[in-house]
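Reading the structure
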Amino acid sequence: MTKPEVLQIGPYPDWDQGPLDASFVMHRYFEADDRAGFLSQVGPRVRAIATRGELGADAAMIDACPGLEIVSVYGVGYDAVDLAACRARSIRVTNTPDVLTADVADLGVAMMLVQARGMIAAETWVRDGSWATKGLYPLQTRVWGKRAGILGLGRIGYEVGKRLTGFDMDIAYCDVAPREHAAGWRFVADPVSLAREVEFLFVTLAASSETRHIVGSEVVEAVGPDGMIINISRAGNIDEDALLDALESGALGAAALDVFEGEPALDPRFLTLPNVLVQPHHASATIETRKAMGQLMRDNLTAHFAGQDLPTPVL
Ligand code: 8YV
């Protein structure tokens, strides 16, 4: 039987690439020198797109594949997939939720602790001899018992909240409506009010055109000079210019970020700031979780071509 032809947008680990190559004709878009030419050459034969959360599939790419049936996303965020283009042609879209939730929440909480306790600079303090020559490392910021806000109480935001209860933190959250499963955490109706009443603000909401820059200058300044913003969602949820201005002026105390506009080419202003922890969009990047993500991404493709129900459909 002829193998379905799949447009592969980004690289996958060998443990996924092997099975993909065995089951499908994989066209490696990311390896093409002339991507437009490559797309016009293979696009007419492509029945599926295999992509990554941060890479997605835009309207032009979808239009170049007239026989496209499904877009399978390796990641929970599908904001980079043009859903309107897919909906217009009844193209299925799948993602990989749940399997990565706990890892992403783990990294978000770790980022808060690392930045609040100054652990990156503390490591340097030991390694460069400062401890011996300059003495005690400067005092840092307590986390336990303080107030945390969660902007977006979806799966990841809820797992963050569960972890924060272990630090005896006072937890509030903002979402479109109170969440039944968040009993005991305080619901706050708008992001600015939430930001005003917390020291640590986690940005965990799914990204969309509606949430773009939901964390703007008013929210950033409401978190304030003693506060920290932690972003493990998408860069687009934060107005980076407002964030950088506040970090540089001291209007915001600190930030811990795993995602950036234009990543991996992030704004160089981030690289000179001492009050920002920068991480390379790796919140789900553990061996175990990426194996589960890859399996689920492949299971969606396999189910589609077998005419079976999709494990994790978005559309
Ligand atoms: C992944 C993500 O690192 O799940 C998502 O949407 O952004 C991350 O968890 C990414 O999709 C893998 O390339």
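Every chain is numbered independently, its residues counted from 1 as its sequence is written. Reporting in this predicted model follows two pLDDT cut-offs: at least 70 for local features of residues, and 80 or more for side-chain atom pairs to be given and counted; totals over whole chains, interfaces and linings ignore these cut-offs and use all residues. Working from all heavy atoms in the structure, the side-chain values ignore hydrogens and water.

**Focus: the overall build of the protein**
The cut-off we apply is this: The secondary structure listing takes helices from DSSP runs of H or I that are at least 4 residues long and strands from runs of E that are at least 2 residues long, numbered from the N terminus. We compute the radius of gyration over the C-alpha atoms and compare it with the globule rule, which gives 2.2 Å times the number of residues raised to the power 0.38. Buried residues are those whose accessible area, probed at 1.4 Å on protein chains only, stays under 20% of the maximum for their type, while exposed residues exceed 50% and partly exposed ones sit between those limits. Residue contacts follow a heavy-atom distance rule, with two residues in contact if any of their heavy atoms lie within 4.5 Å. What sets the accessible areas is the Shrake-Rupley method with a 1.4 Å probe; for residues, cover comes only from the shown protein chains. Within this scheme the basic residues Lys and Arg register as positive and the acidic residues Asp and Glu register as negative, but His and the chain ends are omitted. Where a charge lies is defined by one atom per residue type: Lys uses NZ, Arg uses CZ, Asp uses CG and Glu uses CD.
In terms of helices and strands, the protein carries 12 helices and 12 strands. Taking 2.2 N^0.38 as the reference for a compact globule, 315 residues should give roughly 20 Å; the C-alpha atoms of the protein span a radius of gyration of 21 Å, in line with that estimate. Overall, the protein is about 70 × 50 × 30 Å in size when its C-alpha atoms are taken along their principal axes. Looking at the 315 residues of the protein, the share that counts as buried comes to 50%. Sequence-distant contacts, at least 24 apart, represent 58% of the contacts inside the protein between residues at least 6 apart. Counting every atom, the protein has about 14,700 Å² of accessible surface; 54% of that belongs to carbon and sulfur. For the protein, the separation between the mean place of its 27 positive charges and that of its 42 negative charges on side chains is 4 Å.

**What to know about the site of the ligand**
Formally: The cutoff for a nearby residue is simple: one of its non-hydrogen atoms must lie within 4 Å of the molecule or strand. Pairing of N or O atoms within 3.5 Å defines a polar contact, subject to two protein rules: one partner must be a possible hydrogen donor and the other a possible acceptor, and residues neighboring in sequence count only if both atoms are side-chain atoms. We call Asp, Glu, Lys and Arg charged. Ala, Val, Leu, Ile, Met, Phe, Trp, Tyr, Cys and Pro are nonpolar, and the rest, Gly among them, are polar.
In the neighbourhood of the ligand, the contacting residues comprise Arg-52, Gly-53, Glu-54, Tyr-74, Gly-75, Val-76, Gly-77, Leu-100, Arg-234, His-281, Ser-284 and Arg-290. A distance of 2.7 Å separates an oxygen atom of the ligand from a polar side-chain atom of His-281. In the complex, the protein chains occlude 96% of the 330 Å² of accessible area that the ligand would expose alone. Partitioned by chemical class, the residues of the shell around the ligand number three nonpolar, five polar and four charged.

**With respect to the sheet that holds strand S3 (residues 46-52)**
Strand pairs in the sheet, formed through backbone hydrogen bonds, run parallel or antiparallel to each other. Our working rule: Only strands that DSSP links by at least two bridges are regarded as paired with each other. Fitting a line to C-alpha atoms yields each axis, with helices limited to the stretch in contact; the angle taken between N-to-C directions then spans 0 to 180 degrees.
Across the sheet, five strands lie side by side as S2-S1-S3-S4-S5; this open sheet has parallel pairing. The sheet is open, and its two edges are formed by strand S2 (25-28) and strand S5 (92-94), each paired on a single side. This sheet shows a mean twist of 20 degrees between the axes of neighbouring strands, independent of strand direction. Both strand S1 (residues 5-8) and S3 contribute to a ladder of four bridges, which runs parallel. Along S3, the bridge assignment pairs Glu-5 with Val-46. Contacting S3, strand S4 (70-74) and S5, helix H12 (residues 287-305) crosses the sheet at an angle of about 170 degrees to S4.

**Concerning the nonpolar core**
Worth spelling out the cut-off: We call a set of buried Ala, Val, Leu, Ile, Met, Phe, Trp, Tyr and Cys residues a nonpolar core when their side-chain atoms join them within 4.5 Å. Bear in mind that the domain bounds are from an automatic or database domain assignment.
Of all hydrophobic cores here, the largest spans 43 residues; its most connected members are Met-112, Val-160, Leu-164 and Phe-200. Composition of this core by domain shows at least three residues from each of domain 1 (5-99 + 288-305) and domain 2 (101-278). When neighbours within four sequence positions are excluded, Phe-200 is seen to be in contact with Met-112, Ala-116, Arg-142, Val-143, Lys-146, Arg-147, Ala-148, Gly-149, Met-169, Met-228 and Ile-230.

**Describing the domain arrangement of the protein**
Definition in use: Throughout, buried area stands for the accessible area (probe radius 1.4 Å) lost by two parts on being put together, summed over both. By definition, a salt bridge exists where a carboxyl oxygen of Asp or Glu is found within 4 Å of a side-chain nitrogen of Lys or Arg.
Domain annotation of the protein identifies domain 1 (5-99 + 288-305) and domain 2 (101-278). Here the C-alpha centroids of domain 1 and domain 2 sit 31 Å apart. At the interface, nine residues of domain 1 touch seven residues of domain 2. For the pairing of domain 1 and domain 2, the buried interface totals around 610 Å² over both sides, and the portion due to carbon and sulfur atoms is 40%. Area buried by domain 1 at its contact with domain 2 is led by Asp-79, Asp-98 and Thr-289, which between them contribute 60% of it. Linking domain 1 to domain 2 there are two salt bridges. Here Asp-79 and Arg-234 are joined by a salt bridge, their closest N and O atoms 3.1 Å apart.

**Digging into the packing of aromatic side chains**
Remark: the centre distance and the inter-plane angle together describe each pair of aromatic rings, the angle taken between the planes. Convention followed: Only Phe, Tyr and Trp rings are paired, with Trp represented by its six-membered ring, and only when their centres lie within 6.5 Å; those with planes under 30 degrees apart are stacked, over 60 edge-to-face, the remainder tilted. Sitting over a ring, as applied to charges here, requires NZ of Lys or CZ of Arg to be within 6 Å of the ring centre and within 35 degrees of the ring normal.
Considering all chains together, one arrives at six aromatic pairs under this definition. With a centroid separation of 5.3 Å and an interplanar angle of 40 degrees, the aromatic rings of Tyr-158 and Trp-185 are classed as tilted. Residue Tyr-158 is located in helix H8 (residues 155-165), and its partner Trp-185 is located in the loop between strand S7 (170-174) and strand S8 (186-187); the two are separated by 27 residues in the primary sequence. Ring centres of Phe-260 and Phe-270 lie 5.2 Å apart, and the angle between their planes is 70 degrees; this geometry places the pair in the edge-to-face category. Of this pair, Phe-260 sits in the loop between strand S11 (254-257) and strand S12 (276-278) while Phe-270 sits in the loop between S11 and S12, and the two are 10 residues apart along the sequence. In terms of burial, Phe-260 and Phe-270 fall into one category: buried. One cation-aromatic arrangement involves Lys-291 over Trp-15; the distance from NZ or CZ to the ring centre is 4.7 Å.

**Considering unusual backbone geometry**
Note that the residue after Glu-263, namely Pro-264, is joined by a cis bond; omega there is 5 degrees. Note that Pro-264 resides in the loop between S11 and S12. Non-glycine residue Ser-90 carries a positive phi angle of around 55 degrees. Residue position: Ser-90 is located in the loop between helix H4 (83-88) and S5. Phi is positive for Asp-168, which is not a glycine, with a value near 55 degrees. In this fold, Asp-168 is placed in the loop between H8 and S7. On the basis of relative accessible area, Asp-168 is assigned to the exposed category, the value being 58%.

**Considerations on H12**
How we decide: The length a helix should cover is 1.5 Å for every residue beyond the first.
The end-to-end C-alpha distance of H12, which contains 19 residues, comes to 27 Å, matching closely the 27 Å that a straight helix rising 1.5 Å per residue would cover. Within H12 the residues assigned to the buried category are Thr-289, Arg-290, Met-293, Gly-294, Leu-296, Met-297, Arg-298, Asn-300, Leu-301, Ala-303 and His-304. In this structure, the buried residues of H12 make contact with helix H1 (14-23), S3, S4, S5 and helix H5 (101-116). Of the residues flanking the end of H12, it is Gly-307, one or two places downstream, whose phi is positive at about 70 degrees.

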